[in-house]
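# Structure at a glance
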Amino acid sequence: MTLPGIGNSISFGQIEAEFGQNPGRSLGQYRRQDPSRITAQNPTGILSNSSPSTGLENSALNLPLDDGIPNSGEIKFSQFRGKQLNVIVDYYNDRENLNKQDTNDFTMAATYRYLNQFRENPSRVKVVGGFRQRPEGSLNSDFVLSSSEWQGGKKIIVHVNQTVGGKKDGDVTDVALRTGVWPTGTNLSVDVGPSGYLTGAGGDGGGAGSAGGSRADDGGNGTSALGIEYPATVSSVGVIRCGYGGGGGGSGASNDPSDKSTTDFGRSGGGGGGGAGLPAGAGGAGGVGGFSGSGLINGEAGDDGSLSAGGDPGEAGAQRGATGGKGGAGGDFEAAAEDGVEGDRADDRAYRNTPGIPGIKGSDGKAIYFSSSSVANSSDIDAANVGGRNGGTATGSFN
């Protein structure tokens, strides 16, 4: 439970019920640097399962039980008033480039990781202080956590301090990481550390149109980074960023330049570049069906995007009035994705079904999705960390 606040009595038994029983059953041992905890076998005095070894702005090994409880020096009962057990959910020490596409939807919900992945790998959840295990509970299919052991409230810190990405499905409402819904009384925070890079997936570039005038493909949409389903404080000294849209494919065209010659010319379009994100968008395929002449007859494929950069578009050739349209560049933090370019035929005497229609750029995802306006209004977000080309915020259902 949240310990009694100012104006109410507080007992050692209540402190033990919230934070667990320390070996000496003394108030002093709740200090992280209490001398009695420092031994030859444990020179730091820090218990296993007490805090992460990285991140949290370089103070993780020295977190207090809760804000305002001292790690050293004088410690008093009054310093425990209104305090809660602190529990850290680990998104900082997992596989390299952890992403929803390569794992599954469940592990990217913080409530699931808290409850179920702890059973598989206890290091995924850290109880600050290390004097007790994290409270048990149950989880429904909507990632709503219920617990009879919540005792009125706990402080949950979802800590991201590595690269975490989403799933490349073209759905802007698909989030890489979601908070889940926590029991009433939870003080929830999402902390993105200095090595944290939380991002959606990039959209694929659109495939190019043929020299015969087929419509080019649109670029794929980027997906979103963080879904918040319970009021939270979000702080970041790292990156919270959407996945970016892929560029549209360019269209092709063919041309009959002369009544005096039987030689006509055709040029297909270039593919769109992939959008930035994790996983990044793939470049779109170049066009087909080009004919006659030299040089670039069929358009090039677009380049793949990367974590932080959109892919370059595929170029297209031109000869004797048949001009293929290049693809659109993939989007990233610096610039939005681009539509594909329409091809061109110089004469009207033939190939009137060309040029084809170029592909449209994909949309960017969002940095943060809120499940409802009430959750959004009750959350504390530093807009500077998520606004502008980071993707901004939206409210509505998400996956």
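Note that the structure is a prediction, hence the values are computed from the model and not measured.

### Overview of the confidence of the model for the chain
For the chain, the average pLDDT comes to 91, and 93% of its residues sit at 70 or higher. In the model, residues 57-61 has pLDDT below 50 throughout and makes 12 contacts with residues more than four positions away in sequence or in other chains.

### Some points on helix H1 (residues 12-19)
Within an α-helix, residues lying three or four positions from one another point in the same direction, as the helix has 3.6 residues per turn. Looking only at H1, the buried set comprises Phe12, Ile15, Glu16, Glu18 and Phe19. All buried residues of H1 lie within an arc of 165° about the axis, which places them on one face of the element. Within two residues after H1, Gly20 carries a phi angle of roughly 95°, on the positive side.

### Observations concerning the sheet that holds strand S7 (residues 163-165)
The parallel open sheet is built from four strands, whose spatial order is S2-S7-S10-S13. Two strands close off the open sheet at either side, each with one partner strand: strand S2 (98-99) and strand S13 (239-241). By the bridge criterion, three bridges tie strand S10 (residues 197-199) to S13 in an arrangement that is parallel. Bridge pairing in S13 places Thr199 opposite Arg241.

### Overview of the pattern of salt bridges
Per the stated rule, a full pass over the model turns up 19 salt bridges. For the salt bridge of Asp94 with Arg113, the shortest nitrogen-to-oxygen distance reads 2.7 Å. With Asp94 in the loop between strand S1 (86-91) and S2 and Arg113 in helix H2 (residues 110-120), this residue pair connects regions lying 19 residues apart in the sequence. What makes Asp94 buried here is its relative accessible area of 17%. The class of Arg113 is buried, set by a relative accessible area of 0%. The residue Glu136 makes a salt bridge to Arg134 at a minimum N-O spacing of 3.2 Å. Residue classification places Arg134 among the buried positions, given a relative accessible area of 4%. Three or more residues are tied together by salt bridges with common partners; here these are Asp90, Asp94, Arg95, Arg113 and Arg124.

### Comments concerning the sheet that holds strand S11 (residues 224-228)
By definition, the strands of a sheet pair up through backbone hydrogen bonds, in either a parallel or an antiparallel sense. With parallel pairing, the four strands of this open sheet are ordered in space as S8-S11-S19-S21. On the outer flanks of this sheet lie strand S8 (175-178) and strand S21 (393-395), each paired with one strand and no other. With strand direction ignored, the average angle separating the axes of adjacent strands in the sheet is 25°. Bridging between S8 and S11 involves three bridges; their strand directions are parallel. Looking at S11, one finds that Leu177 is bridged to Leu226.

### Focus on H2
Summarising burial for H2: nine of the 11 residues are buried, a large majority. Buried residues of H2: Ala110, Thr111, Tyr112, Arg113, Tyr114, Leu115, Asn116, Gln117 and Phe118, and no others.

### A closer look at the pairing of strand S12 (residues 232-236)
Within a regular strand, the side chains alternate between the two sheet faces. Side chains Ala232, Val234 and Ser236 project from S12 onto a buried face, and the interleaved Thr233 and Ser235 project onto a face without burial. As defined by bridge partners, strand S9 (residues 187-192) adjoins S12 across five bridges and the pair is classed as parallel. Bridged to Val190 within S12 is Val234. Two elements, S12 and strand S20 (residues 380-381), share two bridges in a ladder whose sense is parallel. Along S20, the bridge assignment pairs Val234 with Ile381.

Calculation notes
Sequence positions are assigned chain by chain, starting from 1 and proceeding in written order. Only residues with pLDDT of at least 70 get local features here, since the model is predicted, and only at 80 or more are side-chain atom pairs given and counted; chain-wide, interface and lining totals rely on the full set of residues. Hydrogens and water molecules were not included; the side-chain quantities draw on all heavy atoms of the structure. Confidence scores labelled pLDDT are given residue by residue by the predictor and lie between 0 and 100. Two residues qualify as a contact provided that any one of their heavy atoms is within 4.5 Å of a heavy atom in the partner residue. Each residue is assigned to one of three classes by its accessible area relative to the maximum for its type, calculated with a 1.4 Å probe on protein chains only: buried under 20%, partly exposed between the two thresholds, exposed over 50%. Put simply, DSSP marks the helices as runs of H or I at least four residues long and the strands as runs of E at least two long, and each gets a number from the N terminus on. Starting at the helix axis, one direction is taken to each C-beta atom, and the arc is that of these directions. Should DSSP find at least two bridges between two strands, the strands are taken to pair. By salt bridge we mean one thing: a side-chain nitrogen of Lys or Arg within 4 Å of a carboxyl oxygen of Asp or Glu. Here an angle of 0 to 180 degrees is reported between the N-to-C directions of two axes, which are lines fitted to C-alpha atoms, with helices fitted over the stretch in contact.

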